[in-house]
Amino acid sequence: MFIKQLYTGCISEAAYYIESNGAAAIIDPIRDIDAYLALAKERNAQIQYIFETHFHADFVSGHLDLAAATGATIVYGPSTVTKYPVHVAKDLEIFKLGNISIQVLHTPGHTLESSCYLLKDEEGNNKAIFTGDTLFVGDVGRPDLAQKSNEITMNDLAGMLYDSLQEKIIPLADDVVVYPAHGAGSSCGKNLGADSFSTIGVQKASNYALQAESKEAFIKAVTEGLNAPPAYFPINASINKEGYTSLDSILANSMQPLLINDFKEKIADNAIILDTRHPDQFMQGFVPGAINIGLNGRFAEWAGTLLPFTQPIILITEIGAEKESIIRLSRVGIDNVVGYLSGGFEAWQTAGESIDMIIDVEADELAMDIPFDENLVIVDVRRETEYANDHVKEAINIPLDQLTDPGSMVNLDDHHNIYIHCASGYRSVIAASMIKRQGIHNIRNVVGGIEAIKGLPEKFEFEKETAALN
């Protein structure tokens, strides 16, 4: 028996390769499937099953392309309805895989079709459980994503999740390994732990949600303090349910090198310019109107949150990163890239085209300016919960995910000296590029974000829990 976790950091997603005696299964594959095919080829195994724990909302699954490439059967849990062929498993149904077996445990709560997969070894002993978004390390799946108006409420789903955990998960032996679908940073839970796997015993002892003394207490615990889910979640869930165009077709359509004049024509046709270079490079110069979401951070998540799914997108990347940028956009269903600037930003600059810049400032420079500049405005683009916990006195909060709404910037004007920061610098550059795109240009990015600011406690005043700007 062989198990390998394949973790994708920018979306905090864990897929799994399981193999016994030449037969393999993949659990929760992402859209770019080459790693699974390569592993099976390396190990001389045949992928027979693709097990999906639920309709994922935070990424587009690779189940359709992987099934087409291997002939494997796609398996979902009870109550699943799709527009493509799948095996809808019964609760407790068992699938043989070489000399081992995988049992379906229907665990509704995160979604109605949510299921876990219990791995049994050659002797029939329970060895591991692949819990999807039902149980994470230190958390459980949020119960607000599959609610349907008054028909199925968040509390209804939380109650289902409690029953699923009590009936299917908690009775398992303490040494059964827990392999969840997500790790720290995922928006599919409230506060996932740093580890990417655990055991039933450790989770019983340490997971806050499993400490609840009653169903009512559990519902209260898991529904309080939830941030609004990213806007792209329902789009991805629908894509996973309805089906999608193959990634090979997306690449064929998107990998189109554009000369400068062609690139400018796309801009005139209302294409979004997405610059995926490192923020440090972007700050030194960029095509006017470009949005920077660097490949070095949580690229796919922020792209899905901030970019349109229908408006054409043209790319500026580091040379050689064009394909990677397109693939990572496709992970969240953004398939509307229509080309990239041939030669990258250097070609634009060499041709003498106009460029834009954003000024970087250190935290101590901000501290020196605060007492003397009556037009100074500090914009904190962290999440509301981060801002509420601790922020610079008189800073206003415009969370990055709200910058798609022009109304969020209604109180910002070019006569302000705007200093933008986040936690460490990645989100603030995205925000600065988006605000610039709205015609507000007097912007400075605080290098190092709140972490750098807190490194100068004698120069700043801090406060907690005041109202956000919007």
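No experiment lies behind these values; they were computed from the predicted model shown.

**A closer look at the sheet that holds strand E16 (residues 272-275)**
Strand pairing in a sheet relies on backbone hydrogen bonds, with the paired strands running either antiparallel or parallel. Spatially, the five strands line up as an open sheet ordered E15-E19-E18-E16-E17, and their pairing is parallel. At either end of the open sheet lies a strand with only one pairing partner, and these are strand E15 (257-258) and strand E17 (291-292). Pairing analysis gives four bridges linking E16 to strand E18 (residues 313-316), with the strands arranged parallel. Within the sheet, the bridge partner assigned to Ile-272 lies in E18 and is Ile-313. Across the sheet, helix H11 (residues 322-330) is in contact with E16, E18 and strand E19 (337-341); its angle to E18 comes to roughly 140°.

**A short note on the sheet that holds strand E6 (residues 87-88)**
The six strands are arranged E1-E2-E3-E4-E5-E6 in an open sheet whose pairing can be described as mixed. This sheet does not close on itself; its edge strands, each paired only once, are strand E1 (2-8) and E6. Relative to strand E3 (residues 23-27), strand E2 (residues 13-20) runs antiparallel, the two sharing five bridges. What sits directly across from Ile-18, in E3, is Ala-25.

**Section: empty space enclosed by the protein**
Applying the stated criterion to the full structure yields two cavities of 30 Å³ or more. As a volume, the largest cavity reaches approximately 50 Å³. Along its surface, the largest cavity is lined by Ile-11, Asp-58, Ser-186, Ser-187, Cys-188, Tyr-232, Phe-233, Arg-298 and Glu-301. Residues that form the lining of the largest cavity fall into these classes: four nonpolar, two polar and three charged. Lining of the second largest cavity is provided by Trp-302, Val-381, Arg-382, Arg-383, Pro-399, Leu-400, Asp-401 and Arg-427. For the lining of the second largest cavity, a count of residues per class yields four nonpolar, no polar and four charged.

Rules behind the numbers
- Starting from 1, residues in each chain are numbered consecutively following that chain's sequence as written.
- Per-residue local features of the predicted model are confined to residues with pLDDT of at least 70, and side-chain atom pairs are confined, for both listing and counting, to 80 or more; whole-chain, interface and lining totals are unaffected and use all residues.
- The basis for every side-chain value is the complete set of non-hydrogen atoms in the structure, without hydrogens or water.
- Pairing between strands requires that DSSP locate at least two bridges from one strand to the other.
- Strands are runs of DSSP state E lasting at least 2 residues, helices are runs of H or I lasting at least 4, and numbering of each runs from the N terminus.
- By definition in these notes, contact holds between two residues if any of their heavy atoms fall within 4.5 Å.
- In this description, a line fitted to the C-alpha atoms serves as the axis of each element, helices being fitted only across the stretch in contact, and the angle between N-to-C directions of two axes falls anywhere from 0 to 180 degrees.
- Buriedness for pockets is judged along seven lines, at least five of which must meet protein on both sides within 12 Å for an open set on the 1 Å grid over protein atoms alone, while cavities are sets there where a 1.4 Å probe fits but cannot get out, and lining residues have an atom within 4 Å of a point.
- Grid points are joined across faces, edges and corners, and a volume is the space filled by probe spheres set on the points.
- Residue type decides the class: Asp, Glu, Lys and Arg count as charged, Ala, Val, Leu, Ile, Met, Phe, Trp, Tyr, Cys and Pro as nonpolar, and the leftover types, Gly among them, as polar.

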